[in-house]
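Okay, here's what each chain looks like letter by letter:
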Amino acid sequence: MHSANLIFGRTIRQLTAALVITGASCLSLQASATAQESTDPIKLTLHDWTGQLITTNIMGEVLKKAGYSIEYVQADYLAQFAGLQTGDLHIAMEMWETTGRDAMDAATATGKVEVFGPTGMKAKEEWWYPEYMKEKCPGLPDWEALKDAACAEAFSTAETAPKGRYLGGPVTWGGFDDERVEALDLPFEVIHAGTDAALFAELESAYQRKAPIMLWIYAPHWAPAKFKGEWVEFPEYTAECYQDPAWGLNTDATYDCGKPFGEIWKVGWAGLKDKWPGAHKAITAFNIGNDEMGAMITKVDLEGTSVEDVVGEWMTTNEARWSGWIK
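Residues numbered from 1 in each chain as written. Predicted model: local features only at pLDDT ≥ 70, side-chain atom pairs only at ≥ 80, totals over all residues. Heavy atoms only, no water.

Let's talk about the overall build of the protein chain
The following threshold applies: Numbering goes from the N terminus for both helices and strands, where a helix is a DSSP run of H or I of at least four residues and a strand is a run of E of at least two. Note on contacts: a residue pair qualifies if any of its non-hydrogen atoms lie within 4.5 Å across the two residues. Only the protein chains shown count as cover for residues, with accessible areas throughout obtained via the Shrake-Rupley method and a probe of 1.4 Å.
A count of helices and strands for the protein chain gives 14 helices and nine strands. Long-range pairs, those at least 24 residues apart, make up 71% of the contacts in the protein chain with a sequence separation of at least 6. With the model as given, the accessible surface of the protein chain reaches about 15500 Å², and the carbon-plus-sulfur share is 55%.

This is the structure we're talking about:
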């Protein structure tokens, strides 16, 4: 009996030692796996509209929770691709099908930029007017109504009369509005807003006064929900419209059609998946819908809540969701 106890005790000690060694080995493997990911900061680009600031800050906070060092870098919407190709920038959370497809395709064709998949949001960007303007231009929303001199003048200002005034987004957004006006021979002058905030401040002011305004409106955003109005219906977009002058109404020009509709993409440096594979998985998994984003933009732009507070609230409410992105 005494001998049996000695043998049993020895066996327990051996098993315990084996478990300790195994556990240490597992920890060593985990540490090794973690060590494979760089401790360099992951650089996310910031642009000049509220929704993009929200998506980028959400992604940044999620990556922080996963233990990554992150850095936000203010960057031009289209020019950022130079930095994404070299690896000086790493993640751009919103590339809109409506305005960024050409730049995105050119960058991915180099093999140095990767599309990390859709954000879950669907993009719409187009010329928009308040409902009260239809009295002065009853042919709307058909774009051909804008060719009528009286209709164009109804949208004019002292600076553009007798031409109508179209308030476009900041020049850095692209969008080809100047090219479209020329291609479709529209009696309008394109004036670009300096910032996203200026664009919607002018809409707010005009709408309250029932003043004439035609401008760039995009969704997801609070404006189409707050104000009654319509998007102009231009000839339907095709890739040929942007690339082949022979296509469309004007056989001597491109951009004689509407803007494309579609996804809002996540893009970034192609080397990210090797340098930070866990972050790559989380970015790919990121998904937010239009309604959800529209509600957050409303809190920032209309209710005065800071981007940081809106993002913090989202992180708290959706912990189970984003935790799955970093597992």
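Some thoughts on the confidence of the model for the protein chain
Under the convention used in this document: As a per-residue quantity, pLDDT reports the predictor's confidence and falls between 0 and 100.
On average, the protein chain scores 89 in pLDDT, and the residues at 70 or more come to 89%. Under a pLDDT of 50 for its full length, residues 1-35 has, in the predicted model, zero contacts with residues more than four places off or in other chains.

Quick look at the nonpolar core
Using the following cut-off: Buried residues of nine kinds, namely Ala, Val, Leu, Ile, Met, Phe, Trp, Tyr and Cys, make up a nonpolar core once their side-chain atoms join them within 4.5 Å. Buried means the residue's accessible area, taken with a 1.4 Å probe over protein chains only, is under 20% of the maximum for its type, while exposed means over 50%, and partly exposed covers the values in between.
If you look at the biggest cluster of nonpolar residues, it comprises 87 residues, and the most contacted ones within it are Ile42, Trp127, Leu146 and Phe155. Per-element accounting of this core gives the leading share, seven residues, to strand E4 (residues 113-130). Sequence-distant contacts of phenylalanine 155, defined by excluding residues within four places in its chain, comprise Tyr129, Met133, Cys137, Leu140, Leu146, Gly164, Arg165, Phe188, Pro212, Ile213 and Met214.

Let's talk about unusual backbone geometry
The residue after leucine 140, namely proline 141, is reached through a cis peptide bond having omega 15°. With respect to the helices and strands, proline 141 occurs in the loop between E4 and helix H5 (149-154). The amide bond that connects alanine 219 to the next residue, proline 220, takes the cis arrangement and shows omega of 15°. Position of proline 220 relative to the elements: it lies in the loop between strand E7 (214-219) and helix H8 (223-226). The phi dihedral of tyrosine 255 is positive, around 70°, even though this residue is not glycine. Among the secondary structure elements, tyrosine 255 is positioned in the loop between helix H9 (239-243) and strand E9 (262-269).

Points about the pattern of salt bridges
Put simply, the rule reads: What makes a salt bridge here is a side-chain nitrogen of Lys or Arg within 4 Å of a carboxyl oxygen of Asp or Glu, nothing more.
Taken as a whole, this structure holds 13 salt bridges when the rule is applied. The residue lysine 134 makes a salt bridge to glutamate 230 at a minimum N-O spacing of 3.3 Å. Taken as a pair, lysine 134 in the loop between E4 and H5 and glutamate 230 in strand E8 (residues 229-231) lie far apart in primary sequence, 96 residues in all. Residue classification places lysine 134 among the partly exposed positions, given a relative accessible area of 26%. For glutamate 230, a relative accessible area of 26% corresponds to the partly exposed category. Between aspartate 177 and lysine 259 there is a salt bridge whose closest N-O contact spans 2.9 Å. Of this pair, aspartate 177 sits in helix H6 (residues 177-183) while lysine 259 sits in the loop between H9 and E9, and the two are 82 residues apart along the sequence.

Some words on helix H4 (residues 97-108)
Quick reminder of the rule: To estimate the expected span of a helix, subtract one from its residue number and multiply by 1.5 Å. As used here, the arc is the angular range of directions from the helix axis to the C-beta atoms.
The terminal C-alpha atoms of H4, which comprises twelve residues, lie only 14 Å apart, well short of the 16 Å expected from a rise of 1.5 Å per residue. Residues of H4 that are buried include every one of Glu97, Thr98, Thr99, Gly100, Met104 and Ala107, and no others. One side of H4 carries all its buried residues, which in axial view fall inside an arc of 145°.

Some remarks on the state of the cysteines
The condition that has to hold: In this description, a disulfide is simply a cysteine sulfur pair whose atoms lie within 2.5 Å.
A complete count under the given rule lists two disulfides for this structure. One disulfide bridge connects cysteine 137 with cysteine 151, the sulfur atoms lying 1.9 Å from each other. Judged by the sign of its S-S torsion, about -90°, the bond between cysteine 137 and cysteine 151 is left-handed. Of this pair, cysteine 137 sits in the loop between E4 and H5 while cysteine 151 sits in helix H5, placing them 14 residues apart in sequence. Since its relative accessible area comes to 2%, cysteine 151 is described here as buried. Cysteine 241 shares a disulfide with cysteine 257; S-S distance 2.0 Å. Its S-S torsion of approximately -105° makes the covalent link between cysteine 241 and cysteine 257 left-handed. Of the two residues, cysteine 241 sits in helix H9 while cysteine 257 sits in the loop between H9 and E9, which places them 16 residues apart along the sequence. On the accessibility criterion, cysteine 257 (1% relative accessible area) is buried.

Description of the environment of alanine 106
Within the secondary structure, alanine 106 sits in helix H4. Judged by its relative accessible area of 49%, alanine 106 falls in the partly exposed class. When the C-alpha atoms of alanine 106 and phenylalanine 81 are compared, they prove to be 9.2 Å apart, with 25 residues separating the residues in sequence.

Considering the pairing of E9
Put simply, the rule reads: Between any two strands, pairing holds if DSSP finds at least two bridges.
Burial of E9 is extensive: eight of the eight residues sit out of reach of the surface. Pairing between strand E3 (residues 91-96) and E9: four bridges, direction antiparallel. Note on E9: the bridge partner recorded for isoleucine 91 is glycine 268. Note: E4 against E9, seven bridges, orientation antiparallel. Among the inter-strand pairings, alanine 123 is bridged to a residue of E9, identified as glycine 262.

What to know about the pairing of strand E1 (residues 42-46)
Spelled out, the test is: The crossover handedness rule: strands pointing away from the viewer, path from first strand over the helix to second strand clockwise, crossover right-handed.
Of all five residues making up E1, four are buried, and the element is well covered by its neighbours. Two strands pair when backbone bridges link them, and E1 and strand E2 (residues 70-74) are joined in this way by five bridges, in the parallel orientation. In the sheet register, lysine 43 faces E2, and the bridge partner there is glutamate 71. Once you follow E1 into helix H2 (residues 50-65) and on to E2, the crossover reads as right-handed.

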